Amino acid sequence: MSQSPYYAPVPPYAPQSAKSPLPLWSLGISIAALVFSWVPVLGLLLGMVAIALSAIALAKIAGKAKAAIGLGLGVVALIINVIVIAALGSAAPSPVNAAATAPAAAVTAADPTTEPTTEPTVDPTTEPPTVAPTTKAAPPVVKHTTKAPTTRPVSAEEENAIRSAQSYLEFSAFSRQGLIRQLSSDAGEGYSLKAATYAVDSLHINFNEQAYKSAKSYLEMSGFSRKGLIQQLESKAGEGFTHSQAVYGVNKAGL
């Protein structure tokens, strides 16, 4: 009797389930969330999506390595983005603080009904206000003397310089600088600078009155503005008075 061949039982076919792309997606989105974690809002959204996908993959799929990595990266990206948003929010000034620290000038400029509070600019050469005459007497005019009281003997050159200075003052007005220059100049009298200075200082000349006489003389010869006459009187190339002397002379001359 022939025996029939033996066939081993074939196990039933179990179809393999296709691999889900969810872990790979969760890992890719978590990496993108980490890269864009420094961008406000965008990094926050990507981090939340990465966490959600990773959580679903961990719950439903057997291979959990990629999903676990994606979950961790998503959490890190979410934390970084929250810190960035908080830092930007604290650095931005609030509208209330900006309005409180705004300069008063900007508030004034925004209100058309507010009058400007600029201080008036004072020009030293502008005409002074008219002052009502008082009963106070004018300062006495000091008379020129031929000799100044000194404790040392006066040299002959100094005596002659004094007489020359008096002669000049009789027919013209001079500043201290101008009279010394006239007495000591080679084109003038040719005295030494020491003798010329001694002669001018010994006469105790009222140079305010000399500036007034000079201003009056200029106005008789030509027309001048107030500023121009002051500049002429105090110029080194002109009369050489000080600024206060020039202003006094121009004021008294009525300009």
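All residue numbers refer to positions counted from 1 along the written sequence of the respective chain. The predicted origin of the model limits local features to residues at a pLDDT of at least 70 and limits the giving and counting of side-chain atom pairs to 80 or more, whereas totals for whole chains, interfaces and linings rest on all residues. Heavy atoms from the whole structure form the basis of all side-chain values; hydrogens and water molecules are not counted.

Novice: In this structure, what is going on with the nonpolar core? I would like to understand it.
Specialist: A general trend in soluble globular proteins is that nonpolar side chains are found buried together. In terms of nonpolar packing, the biggest core is built from 17 residues, with Leu169, Leu179, Leu183, Val200, Leu203 and Ile205 touching the most fellow members. Of all the secondary structure elements, the ones that give two or more residues to this core are α6 (156-171), α7 (176-184) and α8 (193-202). The biggest single contributor to this core is α6, with five residues. Beyond its immediate stretch of four places on either side in the chain, valine 200 contacts Arg176, Leu179, Ile180, Leu183, Ile205 and Phe207. To define a nonpolar core, start from buried Ala, Val, Leu, Ile, Met, Phe, Trp, Tyr and Cys residues and group those joined through side-chain atoms within 4.5 Å. Accessibility here uses a 1.4 Å probe with only protein chains present; expressed as a share of the type maximum, an area under 20% marks a residue as buried, one over 50% as exposed, and anything in between as partly exposed. Secondary structure elements follow DSSP: runs of H or I of four or more residues count as helices, runs of E of two or more count as strands, with numbering from the N terminus. Throughout, a contact is declared for two residues whenever any of their heavy atoms are within 4.5 Å.

Novice: Sorry, what's going on with helix α2 (residues 42-60) here?
Specialist: Every α-helix carries 3.6 residues per turn, so stepping three or four residues along brings you back to the same face. Spanning 19 residues, α2 covers 27 Å between terminal C-alpha atoms, matching the ideal 27 Å at 1.5 Å per step. Here α2 has its buried residues at Gly43, Gly47, Ala50, Leu53, Ser54 and Ala57. Taken down its axis, α2 places every buried residue within 135 degrees of arc, on the same side. For α2, exposure combined with an orientation more than 90 degrees from the buried face picks out Ala59 and Lys60. The span expected for a helix works out to 1.5 Å for each residue beyond the first. Think of it as the arc spanned by the lines of direction from the helix axis to the C-beta atoms.

Novice: Where do I start with the packing of helix α9 (residues 207-221) against helix α10 (residues 226-234) in this structure?
Specialist: A pair of packed helices is captured by two measures, namely the crossing angle of their axes and the spacing between those axes. Taken N-terminus to C-terminus, the directions of α9 and α10 make an angle of 125 degrees; their axes are 11 Å apart at the nearest point. For the element pair α9 / α10, the angle class is oblique. Our pair here, α9 against α10, has a crossing hand that is right-handed. Here Ala211, Ser214, Ala215, Tyr218 and Leu219 of α9 lie close against α10, whose contacting residues are Leu229, Gln232 and Leu233. Here an axis means a line fitted to C-alpha atoms, over the contact stretch when the element is a helix, while the angle between two N-to-C directions is reported on a 0 to 180 degree scale. By the definition adopted for this analysis, an angle is roughly parallel if under 35 degrees, roughly antiparallel if over 145, roughly perpendicular if from 65 to 115, and oblique otherwise. Each crossing gets its handedness from the near helix: less than a right angle anticlockwise from the far helix is left-handed, clockwise is right-handed.

Novice: Explanation requested: the pattern of salt bridges in the structure shown.
Specialist: For side chains of opposite charge, pairing can occur when their charged atoms come near one another. A pair is scored as a salt bridge if a Lys or Arg side-chain nitrogen falls within 4 Å of a carboxyl oxygen belonging to Asp or Glu. Within this structure, the stated rule accounts for two salt bridges. Residues aspartate 201 and arginine 176 are paired through a salt bridge, measuring 2.9 Å at the closest nitrogen-oxygen approach. Residue aspartate 201 is found in helix α8, and its partner arginine 176 is found in helix α7; the two are separated by 25 residues along the sequence. The class for aspartate 201 is partly exposed, based on a relative accessible area of 36%. Its relative accessible area of 37% is what places arginine 176 among the partly exposed residues. Note that glutamate 209 and lysine 252 form a salt bridge whose closest N and O atoms lie 3.0 Å from each other. Of this pair, glutamate 209 sits in helix α9 while lysine 252 sits in helix α11 (residues 243-252); the two residues are 43 residues apart in sequence, bridging distant segments of the chain. Residue classification places lysine 252 among the partly exposed positions, given a relative accessible area of 42%.

Such coordinate-based values are descriptive only and should not be taken to indicate function.
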